[in-house]
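Each chain, written out:
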Amino acid sequence: LAKTTQPISMDSYEGQEVNITCSHNNIATNDYITWYQQFPSQGPRFIIQGYKTKVTNEVASLFIPADRKSSTLSLPRVSLSDTAVYYCLVGDFSPGGYQKVTFGTGTKLQVIP
Amino acid sequence: DSGVTQTPKHLITATGQRVTLRCSPRSGDLSVYWYQQSLDQGLQFLIQYYNGEERAKGNILERFSAQQFPDLHSELNLSSLELGDSALYFCASSAGGTGAGGELFFGEGSRLTVL
């Protein structure tokens, strides 16, 4: 899997939009970009996945530039319940399942009232 | 509810002992993954199985072993336990074989405390 680099922590006020950027310079042609959210003492939960350009779902948007060497997770109008660790994963999730899916250190987002 | 079931939720044992953690993947998922997460640490990949076969191995200690059974449930065996083995152990499953792109579904974890 491509190595990823994310900020270790971020603070944001409630109601603001939060953008977390992940660098993945060695991304391969078949790699997808996936973001997970983890609350303390819980398993990570899938947020969003994309290959290129922009993907949006009910909770987040994922922006991927043309060179795909980075990606940005955007959380609109965060609330206190969005306080969590956010992980960026990059890999080729081909048939047979993910192989050696390794999570990086993640970004600890703290939402402030 | 992710559909992945892990038992037991909590386990307290002594050094030198052996424990078995069990994971039932989501119905139909062929891949099972095991992760270890120590206090305030990231998720360390241990091992992956796909349809009963070992597919990938991470930094899994020799004292640890795992297997996936024909009904696709998996067990992680931890032996000669040490204090440092105290951690949350997560199991995840994925469908696999669905082409590029995919999602891991995590269980709620088994918290192991070694005294």
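Rules used in this analysis
- Residues numbered from 1 in each chain as written.
- Chains lettered and ligands numbered in written order.
- Predicted model: local features only at pLDDT ≥ 70, side-chain atom pairs only at ≥ 80, totals over all residues.
- Heavy atoms only, no water.
- Helix = DSSP H or I, 4+ residues; strand = E, 2+ residues; numbered from the N terminus.
- Rg over C-alpha atoms; globule rule 2.2 N^0.38 Å.
- Buried < 20%, exposed > 50% of the residue type's maximum accessible area, 1.4 Å probe, protein only.
- Contact = heavy atoms within 4.5 Å.
- Core = buried A, V, L, I, M, F, W, Y, C linked by side-chain atoms within 4.5 Å.
- Pairing = 2+ DSSP bridges.
- Axes fitted to C-alpha atoms, helices over the stretch in contact; angles between N-to-C directions.
- Disulfide = S-S within 2.5 Å.

Examining the overall build of chain B
Part 1 of the reasoning: Check the secondary structure of chain B and you find zero helices and eleven strands.
Part 2 of the reasoning: Helices and strands appear in chain B in the N-to-C order β-β-β-β-β-β-β-β-β-β-β.
Part 3 of the reasoning: Taking 115 residues into account, the globule formula puts the C-alpha radius of gyration at 13 Å, and chain B, at 14 Å, falls close to it.
Part 4 of the reasoning: When its C-alpha atoms are laid out on the principal axes, chain B stretches across 45 × 25 × 25 Å.
Part 5 of the reasoning: Per-residue burial over chain B gives 51% buried out of 115 residues.
Part 6 of the reasoning: For chain B, long-range pairs separated by at least 24 residues make up 55% of all intrachain contacts whose partners lie at least 6 apart in sequence.

Considerations on the nonpolar core
Part 1 of the reasoning: By size, the foremost hydrophobic cluster in this structure holds 21 residues, and its most contacted members are B:Trp34, B:Leu76, B:Leu78, B:Tyr89 and B:Leu112.
Part 2 of the reasoning: Of all the secondary-structure elements, those providing two or more residues to this core are β3 (19–24), β4 (31–37), β5 (44–50), β7 (64–68), β8 (74–78), β9 (87–94) and β11 (110–114) of chain B.
Part 3 of the reasoning: In terms of nonpolar packing, the next biggest core, distinct from the first, is built from 20 residues, A:Trp35, A:Cys88, A:Val90 and A:Leu109 among them.

Structural notes on the sheet that holds strand β1 (residues 5–7) of chain B
Residue and element names in this part refer to chain B.
Part 1 of the reasoning: Strand order in this open sheet of four strands is β1-β3-β8-β7, and the pairing throughout is antiparallel. In this open sheet, the two edge strands, each paired with only one partner strand, are β1 and β7. Each strand of the sheet is rotated relative to its neighbour by a mean of 15°, with strand direction disregarded.
Part 2 of the reasoning: Relative to β3, β1 runs antiparallel, the two being bridged by three bridges. Bridge pairing links Thr5 to Ser24 in β3.

Notes on the sheet that holds strand β8 (residues 84–91) of chain A
Residues and elements named next belong to chain A.
Part 1 of the reasoning: The five strands are arranged β1-β9-β8-β3-β4 in an open sheet whose pairing can be described as mixed. Edge positions in the sheet fall to β1 (9–13) and β4 (45–50), since each of these pairs with one other strand and no more. The average undirected angle you get between the axes of adjacent strands in this sheet is 25°.
Part 2 of the reasoning: Judged from the seven bridges that link them, strand β3 (residues 32–38) and β8 form a sheet pairing that is antiparallel. The residue bridging Thr34 from the neighbouring strand is Leu89, located in β8.

Comments concerning the state of the cysteines
Residue and element names in this part refer to chain B.
Part 1 of the reasoning: This structure, assessed with the given rule, holds two disulfides over all chains.
Part 2 of the reasoning: Here Cys23 engages in a disulfide with Cys91; their sulfurs sit 1.8 Å apart. As the torsion about the S-S bond is roughly -55°, the Cys23-Cys91 disulfide counts as left-handed. One end of the pair, Cys23, is in strand β3; the other, Cys91, is in strand β9, and 68 residues separate them in sequence. There is no split in this pair, since Cys23 and Cys91 are both buried.

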